[in-house]
Amino acid sequence: MGLSVENYSGLDNATLKAYILGDSPESQQIKDEFEQEYEEGRAVKPKYDPEVLCKSLEISTRLRKLVHTMSRNTVGLGWEISPVVPAESHMGELDDKTREEQIRITRWFLSANPVMPFGEAWEWATMDKHTTGNGYIEVARTLGRKADEPGPVRSVYRVDPCSMRVLGDGTGFVQIKREGHILKKRFFKHFGDPRVMDSEDGTFKSAKEVPLTRRATEIIHRKILFPGNEWYGVPMWIAASPAIGLGSLARIFNLNYIRNAPGFPFMLLAENGGFDPGDTAMLRDIINRQGKGAVGAGYIPV
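Residues numbered from 1 in each chain as written. Predicted model: local features only at pLDDT ≥ 70, side-chain atom pairs only at ≥ 80, totals over all residues. Heavy atoms only, no water.

Caption draft 1: Structural detail: the pairing of strand β5 (residues 182–190). Bridge analysis of strand β4 (residues 172–179) against β5 gives eight bridges, and the strand direction is antiparallel. Along β5, the bridge assignment pairs R178 with L183. The loop that links β4 with its antiparallel partner β5 comprises two residues; one of these, G180, has a positive phi angle of about 70 degrees. Two strands pair when backbone bridges link them, and β5 and strand β8 (residues 218–223) are joined in this way by two bridges, in the parallel orientation. Pairing of H190 across the sheet is with I219, part of β8. (Pairing = 2+ DSSP bridges. Helix = DSSP H or I, 4+ residues; strand = E, 2+ residues; numbered from the N terminus.)

Caption draft 2: The arrangement of helix α3 (residues 50–59) in detail. Within α3, burial applies to P50, L53, S56 and L57. Down the axis of α3, the sector holding all buried residues measures 105 degrees, keeping them to one side. Turned more than 90 degrees off the buried face of α3, the exposed positions are V52 and E58. N-capping of α3 is provided by D49, with a side-chain oxygen placed 3.0 Å from the backbone N of E51. (Buried < 20%, exposed > 50% of the residue type's maximum accessible area, 1.4 Å probe, protein only. Arc of directions from axis to C-beta. Polar contact = N/O pair within 3.5 Å; in protein donor to acceptor, adjacent residues only side chain to side chain.)

Caption draft 3: Summary view of the sheet that holds strand β3 (residues 164–166). Judged by pairing direction, the sheet is mixed, and its six strands sit side by side in the order β2-β1-β8-β5-β4-β3 without closing on themselves. Only two strands of the sheet have a single partner each, and these edge strands are β2 (150–159) and β3. The average angle at which neighbouring strand axes cross in this sheet is 40 degrees, direction not considered. (Axes fitted to C-alpha atoms, helices over the stretch in contact; angles between N-to-C directions.)

So this is what it looks like as structure tokens:
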């Protein structure tokens, strides 16, 4: 026996058929932030999702400790500005000009941006590199002597690796972040590129065409090299990802077992008879209240 359309939808079969074959409205689902960039070939899709790699640190205490330790031991143990002293000079004797320059550079490192000093930003980027295989540092410059020339470095910032993708033409990077239903997009150029890029569309233009507020800043891309993947880096722990995932599933399984499984083996048989509904409910209540969870482990009903 078939079920006709009008029994549950209010449409007859002819109307439904016309609706399905005709123009249907577009999907209202929110797509992946970078999906359009991938489809248009503007950005390169990474082999491993950066967000998934970042979440691996949430489920693996050992991996998180390893990443933190490696980042701290490489760039997190402090720094010092030491001038290069010529071999013929006396070590430790600096002229006033060199000493002033040392103080100036040290002050810059301590105030590389309003949020954190240079050392902390670099340590964050190093942690990103060991977590996702990619660390990004944004470099902002002051104006040069000419409008189309880059000036000295003014500040550096750590960039969230999950929001960054490499442009397919190799000219730079694109960052996309979602705020509600609105996608915000920003383009960056490679560190040291003297050309002027428009941060809103990623194209190179003359200095007169791009206002100062729209000139793209630069990105230092620190990546862990991996054969066959020239665009992005790959973390060194990627081969251990199956073990990390299984370990997390095992913990969830054990937790669910402790919370829901009976703490004692129980079997009740009846021959040539049956159980009263009240007795069945009473037994179920005893198991739910006293036989589950850690408190019910080893419980023996009498």
